[in-house]
Amino acid sequence: MTPTFSSGRKTDLLLQQTRLHFPRLEEEQVEITPIEKGGSDRRFYRVRSSPDHTLILVKYNLERAENCLYVRVAEFLAEHEIRAPKIYFHDPEEGLIWIEDLGEMDLWSFRNESWDVRRAHYESALEEIAKLHSLPYTAADGIRRDLPVAFDAALYRWEQQYFFENCLGRHFQLETPLLAELAELPALPEIAERLAGLPRVLVHRDFQSQNIVMRDGLAFLIDFQGMRPGLSKYDLASLLYDPYVELSQGEREELFEIYRIHREAHGTPLRSDDADIFRLCAMQRLMQALGAYGYLGLVKGNRAFLAHIPAALVSLQSIVRDLDGLGALSSTLEQLPAPEL
């Protein structure tokens with residue numbers, strides 16, 4: 001039976017572990033405070049030894065293989081000069097990582113600033129992700145075998161089913177026969193097969209505003225342990241159709257162009273059909289996000305995620321209505337209760 005500890009006892013144990021690996025802190029007054037972090041199964045703590053000296057302690061679940069990849073991926077990003085937190089120490093037996101504290105200002109924190117301010121931050125983020133997407137296939141030889149499963153047709157179909165089950169079924173409570181009819185629309189597996197047949201690059205997998213930290217005007221990637229081979233437009237859609245932030249269609253087009261320019265600068269220009277691929281990836285990403293909001297909100301009990309369903313649903317409606325073969329799904333989405341934005 002796994003022992004359970006009070007929050008105070010747990011913090012004391014983490015403090016002991018920190019002092020064990022960072023002896024210089026032994027004589028200093030050290031404070032450890034929890035940090036709330038979305039729907040992650042990891043726990044984050046800020047370790048403060050003085051106002052100017054802090055680091056982040058991550059406690060992860062050893063049973064989830066993806067969590068164990070964080071350090072390996074961070075080292076890989078550093079090797080290729082892609083900005084991410086520095087790793088100070090990793091205790092794999094205890095599932096503890098001490099990393100650089102980049103501060104509390106993520107890209108989401110700037111959501112109410114002027115477009116000129118936000119545009120500069122988004123460009124920095126797009127510059128970093130373009131570096132990742134432009135790496136030659138051979139650059140990942142040493143890490144690819146350790147990464148989660150690549151985006152293939154089965155994974156795209158899983159995202160679709162995740163949406164039908166947890167958003168339309170669990171949250172909106174659509175009848176089972178209608179769900180089955182929509183889930184089996186021929187266009188959906190066709191989209192999955194088309195995307196799976198395209199050349200893959202390394203992708204972040206959850207490239208959204210709360211996983212990009214801004215420091216001194218520069219973007220740093222975090223929460224990248226889900227990195228795997230996939231389509232660059234999936235990452236791009238994750239950011240440009242991020243339900244946590246409101247972007248106009250004109251702003252999305254401007255950011256897409258910025259990304260295109262960075263890819264050209266790296267010698268990996270976009271394909272002529274990438275605008276179409278981007279829309280399909282946006283559909284997939286929004287389905288995945290909506291499924292996650294339903295699951296986290298109703299199964300895991302974190303109901304705050306349900307508040308993001310309306311914005312994501314509006315975006316999905318705007319994408320699906322222009323895709324061939326999805327008329328029945330588009331009509332169903334339009335008939336759902338009007339979201340309150």
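Residues numbered from 1 in each chain as written. Predicted model: local features only at pLDDT ≥ 70, side-chain atom pairs only at ≥ 80, totals over all residues. Heavy atoms only, no water.

Chemist: Go over the packing of aromatic side chains with me, naming the residues and quoting the values.
Modeler: For any pair of aromatic rings, geometry is given as the distance between the ring centres together with the angle between the planes. For the coordinates displayed, the defined rule picks out 13 aromatic pairs. A centroid spacing of 4.7 Å and a plane angle of 40° characterise the contact between Phe151 and Tyr234, whose relative ring orientation is tilted. One end of the pair, Phe151, is in the loop between α3 (115-133) and α4 (153-171); the other, Tyr234, is in helix α7 (residues 232-240), and 83 residues separate them in sequence. You'll find Phe151 and Tyr234 in the same group, each marked buried. Between Tyr244 and Tyr293, the aromatic rings sit 6.2 Å apart at their centres with planes inclined by 45°, giving tilted as the arrangement. Here Tyr244, found in the loop between α7 and α8 (249-265), pairs with Tyr293, found in helix α9 (residues 274-299); they are 49 residues apart in sequence, far enough to count as distant. For the pair Tyr244 and Tyr293, a shared accessibility class is recorded, and that class is buried. (Phe/Tyr/Trp six-rings, centres within 6.5 Å; stacked < 30°, edge-to-face > 60°. Helix = DSSP H or I, 4+ residues; strand = E, 2+ residues; numbered from the N terminus. Buried < 20%, exposed > 50% of the residue type's maximum accessible area, 1.4 Å probe, protein only.)

Chemist: Could you give me a rundown of the confidence of the model for the chain, with the residues and numbers involved?
Modeler: Of the residues in the chain, 94% reach a pLDDT of 70 or more, and the chain-wide mean stands at 92. Of the regions scoring below 50 in pLDDT, residues 1-6 engages in 2 contacts with residues more than four places distant in sequence or in other chains. (pLDDT = per-residue confidence, 0-100. Contact = heavy atoms within 4.5 Å.)

Chemist: So what's going on with α4? Which residues, and what values?
Modeler: With 19 residues, α4 should cover 27 Å at 1.5 Å per step; its first-to-last C-alpha distance of 26 Å lies within 8% of that length. A positive phi of about 60° marks Gln173, the residue just after α4. (Expected span 1.5 Å × (residues − 1).)

Chemist: How would you explain α9 if you had to name every residue and give the values?
Modeler: Look at α9: 36 Å from first C-alpha to last across 26 residues, which is about the 38 Å you get at 1.5 Å a residue. Counting buried positions over the 26 residues of α9 gives 20, a clear majority of the element. Residue Gly301 follows α9 closely and has a positive phi angle near 80°.

Chemist: Run through the sheet that holds strand β1 (residues 31-35), naming residues and quoting values.
Modeler: The 5 strands lie next to each other as β1-β2-β3-β5-β4, forming an open sheet whose pairing is antiparallel. Each edge of the open sheet carries a strand with a single partner, namely β1 and β4 (87-91). When the angles between neighbouring strand axes are averaged without regard to direction, this sheet yields 20°. Of the pairings in the sheet, the one linking β4 to strand β5 (residues 96-100) comprises 4 bridges and is antiparallel in character. Bridge assignment links Phe89 to a residue of β5, and that residue is Trp98. (Pairing = 2+ DSSP bridges. Axes fitted to C-alpha atoms, helices over the stretch in contact; angles between N-to-C directions.)

Chemist: Hey, could you go over the environment of Leu218 for me, with residue numbers and the actual values?
Modeler: Mapped onto the elements, Leu218 comes out in strand β8 (residues 218-221). Expressed as a C-alpha distance, the spacing of Leu218 and Ala120, which sit 98 residues apart in the sequence, is 9.1 Å. Beyond its immediate chain neighbours, meaning those up to four positions away, Leu218 contacts Arg83, Ser124 and Val213.

Chemist: Outline the pattern of salt bridges, listing residues and values.
Modeler: Tallied over the full model, the rule gives 21 salt bridges. Asp141 is the salt-bridge partner of Arg144, the closest N and O atoms lying 3.1 Å from each other. Residue classification places Asp141 among the partly exposed positions, given a relative accessible area of 41%. Arg205 is paired through a salt bridge with Glu159; the nearest N and O atoms lie 3.7 Å apart. With a gap of 46 residues between them, Arg205 in the loop between β6 (201-203) and β7 (212-215) and Glu159 in helix α4 connect regions that are remote in the sequence. With relative accessibility at 0%, the residue Glu159 sits in the buried group. Salt bridges sharing partners connect three or more residues here, namely Arg46, Asp101 and Glu104. (Salt bridge = Lys/Arg side-chain N within 4 Å of Asp/Glu carboxyl O.)

Chemist: Give a detailed account of the pairing of strand β3 (residues 53-59), specifying residues and quantitative values.
Modeler: Across 7 bridges, strand β2 (residues 43-50) lies against β3 in antiparallel orientation. The residue of β3 that forms the bridge with Ser50 is His53. The pairing of β3 with β5 spans 5 bridges and is antiparallel. Directly across from Lys59, in β5, lies its bridge partner Leu96.

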